[in-house]
Amino acid sequence: MPSKKTQYIVVPASGLVAAEDNPQQMQFFQSLHQTFSSRTKVHRMSTHTGLLPVKVLDSIGENKAKLIECHPEDLPALRGSHPSVRILPVVYYQRAVIGHQVEARPRAAAVRVAAKAAAKPSAISITILASDTGKPVAGATVDAFTDFASQAGAHGTTNARGQVALALGGSSKKIERLYVSPLSGYWPALVENITLKAGTTVPLQAIDLTFVDCVRAFYGGDDLTFGQGVTVGVIDCGVALNHAGLVVQGGQNTVTGEKPGAFGDNGTDGHGTHVAGIIASRGTPPSGIRGVAPGVSLRSYRVFGEGAQQSSNFAIAKAIDAAVTDKCDLINMSLGGGDPDSLTADALTAAHNAGIVVFAANGNGNRQAVSFPAANSMCQAVSAMGRLGTFPKDTEPIEFVAAPFGKDKKNFIASFSNVGPETDLTGPGVGVISTIPKGFGVMSGTSMATPAETGAAARLLATKADILKMPRDQNRASAMISAIADACKLLGFGATFEGKGIISV
């Protein structure tokens with residue numbers, strides 16, 4: 001009995017694109033592309049054992065990589081008959097955020113398990129209120145840890161009255177850490193060593209859009225022309241198309257089976273919209289927020305499916321290819337965590353050879369090695385730093401303060417940031433205010449540090465018309481990287497933590 005069909009990626013041995021001097025290889029990929037464009041999408045592939053039915057699920061381009069589906073036991077015949085074709089696995093990546101969004105926290109899932117394991121303990125009802133108005137905050141995620149190290153505690157979400165019932169047992173409970181993660185409009189809270197009992201109220205501080213967070217501490221200025229003439233592609237979970245502070249010039253959804261034109265927010269946590277706002281938001285405080293380079297031409301490439309938490313290497317490679325076609329100058333990739341794969345590496349090399357610089361997040365593994373794709377040498381890998389005084393008291397960013405501290409002792413490398421010799425840059429990524437689909441929110445992560453540096457690079461390159469006018473090849477990409485390196489300022493953390501430093505513009 002044949003095994004379950006599995007998805008694979010077929011790629012030319014020569015790279016992302018079939019070699020023009022190999023007619024057989026060109027014909028093979030063109031025939032697969034024609035099948036993808038057909039109604040059945042089933043290609044009867046010629047092998048030495050006969051015709052092999054393969055379903056073609058997606059195509060990056062006529063002469064480029066394809067996503068196929070077949071039985072694993074069919075692979076030997078496929079490899080034997082098409083030796084100039086690489087057959088690669090599908091690899092998945094996650095967003096590189098640690099912020100107010102509970103999906104990004106491994107701890108939240110552990111809390112839910114702990115709460116379910118209890119034998120229906122009595123619940124303690126607490127209320128989450130806005131500190132300025134006293135109004136209830138609905139939809140906030142609450143994680144109450146009695147023992148943070150063992151992940152023991154309870155989890156819940158506030159109702160319309162701002163109330164949440166936490167199954168902690170007893171009429172009162174000493175809580176080691178209480179996290180409150182609002183959907184929007186407020187700073188995420190962290191309260192330590194608090195005793196909860198019925199009727200306890202926890203205040204959340206509203207976001208003041210005039211507040212100087214860590215991004216604005218390093219990249220001030222309100223000139224709407226910053227970054228003008230530079231096109232930036234954001235490869236992420238989509239960007240809200242109806243946010244007053246953002247102008248999205250175009251893009252593509254590269255998720256297999258979804259509409260290419262659906263490159264808006266994917267309905268998860270607004271991560272891509274937050275990233276885009278750090279780069280290019282055009283709002284004005286106190287009603288809006290200003291990005292680092294609001295004058296850029298912003299494009300959205302959605303690689304996370306509707307409601308999905310992971311993205312495939314095929315969707316990412318297809319998005320990079322689309323950004324090349326659309327003549328982006330810079331690409332921001334606030335994602336990572338999967339195993340290194342040659343398809344993504346090929347796409348990154350192709351982008352570099354097309355005169356594009358790619359910025360990627362180091363990852364949030366708490367000082368682990370730099371994650372892929374940031375670890376690939378075709379990327380500018382970005383760690384996350386923070387600055388004391390750029391987030392309010394009793395808010396979540398306080399837990400990310402850690403050594404090493406810089407020459408200015410207010411600066412620190414965030415505790416969650418991955419580091420290593422692959423690090424090229426550091427950027428502000430602790431307690432960042434930016435756009436989300438339904439307003440404004442605060443997130444932390446190398447996901448936030450990366451667009452800060454992408455925006456800074458755009459602001460810098462907008463003043464380098466001679467570089468931008470160069471032919472779109474690897475010499476152009478190299479010239480941009482050299483200009484970025486020349487503009488960097490070391491903050492005193494050491495090379496494995498900050499690389500060349502922070503882009504100073």
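What you are looking at is a predicted structure, and each value in this text was computed from that prediction instead of being measured. (Residues numbered from 1 in each chain as written. Predicted model: local features only at pLDDT ≥ 70, side-chain atom pairs only at ≥ 80, totals over all residues. Heavy atoms only, no water.)

What about the overall build of the protein chain?
Per the secondary structure count, the protein chain includes eleven helices and 27 strands. What you see for the protein chain is a C-alpha radius of gyration of 24 Å, in line with the 23 Å of a compact globule of 505 residues. With the C-alpha coordinates aligned to their principal axes, the bounding extent of the protein chain is approximately 75 × 60 × 40 Å. The proportion of buried residues among the 505 residues of the protein chain is 58%. The contacts of the protein chain with a sequence gap of at least 6 include a subset with a gap of at least 24, amounting to 74%. Total accessible area on the protein chain stands at roughly 19400 Å², and carbon and sulfur atoms take up 52% of it. Here the protein chain holds 44 positive side-chain charges and 39 negative ones, and the gap between their average locations is 5 Å. (Helix = DSSP H or I, 4+ residues; strand = E, 2+ residues; numbered from the N terminus. Rg over C-alpha atoms; globule rule 2.2 N^0.38 Å. Buried < 20%, exposed > 50% of the residue type's maximum accessible area, 1.4 Å probe, protein only. Contact = heavy atoms within 4.5 Å. Areas by Shrake-Rupley, 256 points an atom, 1.4 Å probe, with all protein chains shown as cover. Lys, Arg positive; Asp, Glu negative; His and termini not counted. Charge placed at Lys NZ, Arg CZ, Asp CG, Glu CD.)

Overview of the pattern of salt bridges
Overall, the coordinates contain 13 salt bridges when judged by the stated rule. Note that E306 is salt-bridged to R302, the shortest N-O span being 3.5 Å. The network of salt bridges with shared partners includes E258, R302 and E306. (Salt bridge = Lys/Arg side-chain N within 4 Å of Asp/Glu carboxyl O.)

Some points on the pairing of strand β9 (residues 152-157)
As paired strands, strand β8 (residues 141-147) and β9 are joined by six bridges and run antiparallel to one another. Directly across from F145, in β9, lies its bridge partner G153. Adjacent in sequence and paired antiparallel, β8 and β9 are bridged by four residues, among which Q151 carries a positive phi angle near 60°. (Pairing = 2+ DSSP bridges.)

What to know about unusual backbone geometry
The linkage connecting P285 with the following residue, P286, adopts the cis geometry, with an omega of 10°. Along the chain, P286 falls in the loop between α5 (271-280) and β16 (297-302). Residue P404 follows A403 across a cis peptide bond; omega there is 5°. Here P404 is to be found in the loop between β21 (379-387) and β22 (411-413). Phi is positive for N193, close to 55°, though the residue is something other than glycine. Given the relative accessible area of 55%, N193 is considered exposed.

What about the packing of helix α8 (residues 446-461) against helix α10 (residues 474-486)?
Following both chains from N to C, one finds α8 and α10 inclined at 100°, their axes separated by 10 Å at the closest point. The angle between α8 and α10 places the two elements in the roughly perpendicular class. Two secondary-structure elements touch here, α8 through A457, L460 and L461 and α10 through M480, A483 and I484. (Axes fitted to C-alpha atoms, helices over the stretch in contact; angles between N-to-C directions. Parallel < 35°, antiparallel > 145°, perpendicular 65-115°, else oblique.)

Thoughts on a negative patch on the surface
There is a patch of like negative charges on the surface, built from D147, E176, E192 and D394. Along the chain, D147 falls in strand β8. Judged by relative accessible area, D147 falls into the partly exposed class, the value being 33%. (Patch = residues over 30% accessible without salt bridge, like charges linked within 9 Å, V, L, I, M, F, W, Y side chains within 5 Å.)

What about the sheet that holds strand β19 (residues 335-336)?
Spatial ordering of the open sheet is given by β17-β6-β19, a layout of three strands whose pairing is antiparallel. At either margin of the open sheet sits one strand with a lone partner, and together these are β17 (311-312) and β19.

Topic: the sheet that holds β9
Reading across the sheet, the four strands line up as β9-β8-β11-β12 and stay open at both edges, with antiparallel pairing between neighbours. The open sheet has two edge strands with one neighbour each: β9 and β12 (189-197). For this sheet the average axis-to-axis angle between neighbouring strands, irrespective of direction, equals 25°. Relative to β12, strand β11 (residues 172-181) is paired through eight bridges, and the arrangement is antiparallel. Of the residues in β12, the one forming a bridge with I175 is I194.

Section: the environment of T268
On the secondary structure map, T268 appears in the loop between β15 (248-253) and α5. Classification of T268 as partly exposed rests on a relative accessible area of 22%. Along the chain, T268 and G305 lie 37 residues apart, while their C-alpha atoms are 9.6 Å from each other. The residues touching T268, leaving out its near neighbours within four places in the chain, are R95, C237, G307, A308 and Q309.

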